[in-house]
Amino acid sequence: MTSSSTSENPVPPGPRRRAVIAAGAAAAALTIGPPGTAPAAAAPAVAPDADTATGAPRPGTGWQRYVHGPASRTVRPERILDPTGDVRDPDALLTPGGAVTVLRRPQPAPAPRWPAGTTAEASSSHAGNNGNDGRPRTYDATNAVDGDPDTFWNDDTPAAFPDVLTITMPEARQLSGITVISNSDGVPTAFTVDVWTDGAWANAATVSDNDVIQRAVPFRTPVPASRVRITVTAVQGTPRGAFTRINEVWPEPVEPPAAPPGVTVDFGKVVVGYPRIRFTSASDNAPGVRLAFSETRRFLTDRSDFTRSDQSGGAGQGTDQFAVPPQGADWTDHKGFQAGDKVYADGLHGFRYLRITLDAPPSDAPAAQPWGTVEIDFVGLDFTAYRGTPGTYRGWFLCSDDHLNRYWYGAAYTNELVTDTFRQDDVDPRGAWSASLEGKLVLHDGAKRDRDPYVGDLAVSARTLYLTHDDAAAAARNVLADLADHQRADGWIPPASISGYTLPLFDYPLWWVTCSWDYVLYTGDRTYAARYHPNLVKVLDTWFPSVTDETGLLSKGLNGTGGYGDYAFLGRTGRVTYYNVLYVQALGDAARLARMLGHESDADRWTKRAASVTDAINTHLWDPDAGAYLDSATGPARHAQDGNALAVTAGVADAGRAASALAHLDTTTRLPYGNAFMDNDTLFAGASQRVYAFTSYPEIVARFLAGRTDSALDQIRRTYGWMDGHDPGITHWEGIGPGGSLYEDAYTSMAHGWSTGVLPALTHHLLGARPVSPGYATWEVRPQPGDVTWAQGQLPTPHGALRVAWENSGRRFHVVLDIPRGTRGTLVLPGDGRRLTVRARGRTLWDGRHAASEGVAVVDGRVTISGLGPGTHDFTARRDS
């Protein structure tokens, strides 16, 4: 795949793909009329959004305006924010051609120097190591007077004070003050300065509430001194520890220079790819430009919210650097050095905001200088991910609730951002690159990070892909097949390529089973199922039995798994409900795969085991006092969203337990920004305030399955409404923390595929359409309207589009189905079947007591019409008063 403006979506070309795209365009012309109308003729793929008389969307139209994908591979910013320093005409960055934006910064005066022979000593100094970039570093006191701002003194008593730095000159000299240059990893916030004069120490200055890196400290009066003593009593706390770090001390008070010239461009939403800047000219001193990226304004600082080079201990400076030549340059940000081992750039980024500053780190001199003049006439991005446009969507959704529409297409766009080609320079640097994936389309977990395909994430993101752009289904297959090809000898399947396929997760081999069934269910790819059936047998019949205890339950800690993690790296051990209900789900999915292939003995064995594990869960892990499943049989009592939700969706919980468990979650986990994944903080502080959309998805599905549509929609609106309404908007977050914050601050991914479950939830349960057997050979439509008055949508299948449109006016429910050839299915109407009259084409099919047509019956209280074949079907159900 290329990143030029003319490149297509990263899907292998060929006759099948061309046919698929053509089918997708045609499918946009839904042959079902808008709610409240009779079936209409096919509308064009792109039509006016609404009927001017009724305001209702025309058939197959209206949804296009929600699509977020860029119009071309070259993406331009939408706004200019926060210019600082000497910046001329910053808005020129939004106007291609002609005008230029100019950044100017004067050459700074030379830094004051201590006289030759000056020494320094400290109360303690951290031992040398390889630093954050893999290069040997020292942290001795002498670094504070060596004239090199890239070295620093670091004490060796974290969070313990005072820390003392003493500087001794060969002879006394008149001092009017000093300047303390500290470190962006935490500055001294409180310190005193004493001077040795007339044979004694005398206080010359006291500093409190410091929050700047360069702090000028003028003395009360100039004083002759031979020694200076700095006593630090408080520092900023940082993720790197509460240490005292001083890079330089200067023998004069020097006020910090004016803010370097910089400008922030806002792309309007998270984008992903290679940033590109066109410099028309520059001064002849190699002025440096630093780029800082962030998905949110809150974490947009002088450092990017995430860089792969910093994460891997590489050459990064928290920003991407470029030294501009005098003649200018059309520069695309690719990974690597510009000059030897200086001026480093990280390459691909996922971000919304880009800060461009005329500056350079001291270590880049003389290849790049922090002063001069640069002129810019273009800023953009070469977009690398799947580019979703109205013409590429083969599945779509639209309903009467504008908020739900936004969440559905926000999920689709989030997932497009993580559907990308696996490239060595762009993936997680922690041992994730794999020759077996290089150049293949995959589903990464996040756009910004980790950029590695995790199989647990596919449990959500792959379903989102199948329902929107199933021509890219290879992105899921490539991941599933690669992980199976790296199966361990004992049957364990790795979660991802990270750490050379060795990251020990306990739950993800089960997600590989479920995701394999999903892939076959949506695509009908029998070849994949047959190829990897032996892997299925090995993981279920070799590895998981090795971690099963005497009750038949999985027990983390057996067979050396005590240190294994899970999707959230939680410290859970022993019999954990989530692992075991996921095991039941995987066994059921494996049995379905086996039956499809004719492996009846495998299917029977796994079905029997699933029933046995179900009984053991209900015997050992149900908490009757709480009316919910325990998170774990080990440790303090707590009840988790993951285990209780999956107990419902996997069929472990009967109707009574399902209702009780969901009521418990209602009572104990409800927050303004979703439902927490734990009901108390006994696992870790703040657990009851943390929301994962990943584990919220099965809870939302569980609520639909339990007939609690209103509560499912309420949870959707709280969870996705919070994300949609807060910066960066549109895309769905990896996790939400206390008070609705980013749960891991700047490190949090704000565009994460595992959080897109709102899309399959709305399609499969609100609209109500879902596959039942591989390749949609059979399907079911079971609308659950709740307070939504109408919905329509399309599901892509290997046989063509399955289209559904319904209107719910309380006493009247009208539904139209357009069914592709080669498929048959069932319609389940909402409402109490004993109070409904159902008609089609002028005939009464059900009068509230009797069926007048074959295939019509009441099942579990709902009117069910089975055996529906290809063509258009129109049904109206009226509720008796």
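Residues numbered from 1 in each chain as written. Predicted model: local features only at pLDDT ≥ 70, side-chain atom pairs only at ≥ 80, totals over all residues. Heavy atoms only, no water.

Colleague: Please clarify how the side chain of Q214 should be interpreted in this entry.
Modeller: In this fold, Q214 is placed in strand β10 (residues 214-235). On the basis of relative accessible area, Q214 is assigned to the buried category, the value being 16%. Among the polar contacts listed, one links the side chain of Q214 to the backbone oxygen of V254, at a separation of 3.1 Å. In this structure the side chain of Q214 is engaged in a polar contact, spanning 3.4 Å, whose partner is the backbone oxygen of E255. Contacts of Q214, omitting those with residues within four sequence positions, involve T179, V180, I181, W250, V254, E255, P256 and P257. (Helix = DSSP H or I, 4+ residues; strand = E, 2+ residues; numbered from the N terminus. Buried < 20%, exposed > 50% of the residue type's maximum accessible area, 1.4 Å probe, protein only. Polar contact = N/O pair within 3.5 Å; in protein donor to acceptor, adjacent residues only side chain to side chain. Contact = heavy atoms within 4.5 Å.)

Colleague: Would you take a moment to explain unusual backbone geometry for this structure?
Modeller: Excluding glycine, most residues fall at negative phi; most peptide bonds, likewise, are trans. The omega angle of the peptide bond from A365 to P366 is 0°, so this bond is cis rather than trans. Within the secondary structure, P366 is located in the loop between β18 (349-358) and β19 (372-383). Unusually for a residue other than glycine, N559 sits at a positive phi of about 55°. Residue placement: N559 occurs in strand β23 (residues 556-559). Of the residues examined, N559 reaches a relative accessible area of 48% and is grouped as partly exposed. Even without a glycine there, the phi angle at R841 is positive, about 55°. When you line up the elements, R841 lands in the loop between β36 (836-840) and β37 (843-846). The class for R841 is exposed, based on a relative accessible area of 75%.

Colleague: Can you help me understand the sheet that holds strand β38 (residues 856-859) in this one?
Modeller: Either a parallel or an antiparallel arrangement is found when strands of a sheet pair, and the pairing is made through backbone hydrogen bonds. What the 5 strands build is an open sheet, ordered β30-β31-β35-β39-β38; its pairing is mixed. If you trace the sheet from one side to the other, it starts and ends with β30 (769-771) and β38, each paired once. Within the sheet, the average angular offset between the axes of one strand and its neighbour, ignoring direction, is 25°. Relative to strand β35 (residues 824-828), strand β31 (residues 778-781) runs parallel, the two being bridged by 4 bridges. Within β35, the position partnered with E780 by the bridge is T826. (Pairing = 2+ DSSP bridges. Axes fitted to C-alpha atoms, helices over the stretch in contact; angles between N-to-C directions.)

Colleague: Is there a simple way to think about the confidence of the model for the protein chain in this case?
Modeller: As a note on interpretation, predicted positions should not be read in detail where pLDDT is low. This prediction gives the protein chain a mean pLDDT of 92; 93% of its residues lie at or above 70. Confidence over residues 1-56 falls short of pLDDT 50; this stretch has 118 contacts with residues more than four positions distant or in other chains. (pLDDT = per-residue confidence, 0-100.)

Colleague: Quick question: what am I supposed to make of the environment of S555 here?
Modeller: Along the chain, the position of S555 falls in the loop between α9 (533-543) and β23. Looking at S555, the relative accessible area reads 11%, which means it is buried. Along the chain, S555 and V537 lie 18 residues apart, while their C-alpha atoms are 20 Å from each other. When near neighbours in sequence (up to four residues on either side) are disregarded, S555 contacts F506, V547, D549, T561, G574 and R575.

Colleague: Help me out: how do you make sense of the packing of helix α4 (residues 455-468) against helix α5 (residues 474-485) in this one?
Modeller: Packed helices, taken two at a time, are described by the angle their axes make and the gap between the axes. Contact geometry of α4 with α5 gives a least axis separation of 10 Å together with a crossing angle of 155°. When the axis of α4 is compared with that of α5, the two are roughly antiparallel. As for how α4 packs across α5, the hand of that crossing is left-handed. Of the residues in α5, those in contact with V455, L458, A462, L465 and Y466 of α4 are A475, A476, V479, L480 and L483. Here the residues of the contact of α4 with α5 sort into 10 nonpolar, no polar and no charged. (Parallel < 35°, antiparallel > 145°, perpendicular 65-115°, else oblique. Left-handed = near helix turned anticlockwise from the far one by under 90°. Nonpolar A, V, L, I, M, F, W, Y, C, P; charged D, E, K, R; others polar.)

Colleague: How do you make sense of the nonpolar core when you look at a structure like this?
Modeller: Among the nonpolar cores identified, the biggest contains 170 residues, and W512, L540, Y567 and I716 are the most heavily contacted of them. Per-element tally for this core: the top contributor is helix α10 (residues 577-597), with 14 residues. Look past the residues within four positions of W512 in its chain and what remains in contact with it is V455, L480, L483, A484, I493, Y528, Y532, N535 and L536. Counting 38 residues, the second largest nonpolar core, distinct from the first, contains L93, V263, V289 and V374. (Core = buried A, V, L, I, M, F, W, Y, C linked by side-chain atoms within 4.5 Å.)

Colleague: What is the right way to look at the sheet that holds β37 in this model?
Modeller: Strand order across the open sheet formed by 7 strands is β20-β32-β33-β34-β40-β36-β37, with antiparallel pairing between neighbours. For this open sheet the edge positions go to β20 (396-399) and β37, each flanked by a neighbour on one side alone. Averaged over all neighbouring strand pairs, the angle between strand axes comes to 20°, with direction disregarded. Across 8 bridges, strand β32 (residues 790-797) lies against strand β33 (residues 800-808) in antiparallel orientation. Across the sheet, residue T797 finds its bridge partner in β33, namely G800. Of the strands in this sheet, β20, β32 and β33 touch helix α16 (residues 758-767), which is tilted by about 115° from β32.

Colleague: Help me understand the packing of aromatic side chains in this model?
Modeller: How two aromatic rings sit relative to each other is given by the distance of their centres and the angle of their planes. For the structure on display, the rule yields 41 aromatic pairs. Ring plane angle 40° and centroid distance 6.1 Å describe the contact between F677 and F684, whose orientation is recorded as tilted. A cation over an aromatic ring shows up here: R229 above the ring of W201, its NZ or CZ 4.4 Å from the ring centre. Directly above the ring of Y747 sits R449, whose terminal nitrogen or CZ lies 3.9 Å from the centroid. (Phe/Tyr/Trp six-rings, centres within 6.5 Å; stacked < 30°, edge-to-face > 60°. Lys NZ or Arg CZ within 6 Å of the ring centre and 35° of its normal.)

Colleague: Please clarify how the pattern of salt bridges should be interpreted in this entry.
Modeller: Pairs can form between side chains of opposite charge once their charged atoms are near each other. Throughout the structure, instances matching the rule amount to 50 salt bridges. A salt bridge links D631 to R572, with the nearest nitrogen and oxygen atoms 2.6 Å apart. Taken together, the residues span a long stretch of sequence, with D631 in the loop between β25 (628-629) and α12 (641-649) and R572 in the loop between β23 and α10 at a distance of 59 residues. When sorted by exposure, D631 lands in the same class as R572, which is buried. (Salt bridge = Lys/Arg side-chain N within 4 Å of Asp/Glu carboxyl O.)

Colleague: Sorry, what's going on with the environment of R220 here?
Modeller: If you trace the backbone, R220 turns up in strand β10. In terms of polar contacts, R220 uses its side chain to reach the side chain of N203, at 2.8 Å. Within the structure, the side chain of R220 is placed 3.2 Å from the backbone oxygen of A204, a separation counted as a polar contact.

Colleague: Just to check I follow, could you spell out the packing of helix α3 (residues 402-418) against α4 for this structure?
Modeller: At a closest axis distance of 10 Å, the pairing of α3 and α4 adopts a crossing angle of 105°. As the angle between them shows, α3 and α4 are arranged roughly perpendicular. Contacts between α3 and α4 pair W408, A411, A412 and N415 from the former with S461, T464, L465, L467 and T468 from the latter. Its residues assigned to classes, the contact of α3 with α4 shows 5 nonpolar, 4 polar and no charged.

Colleague: Would you mind showing me how to read α9 here?
Modeller: Looking only at α9, the buried set comprises H533, N535, L536, V539, L540 and W543. Burial along α9 is one-sided: seen end-on, the buried residues are contained in an arc of 165°. At its buried positions, α9 is contacted by α5, α7 (508-523), α8 (526-531), β23, α10 and α11 (600-620). (Arc of directions from axis to C-beta.)

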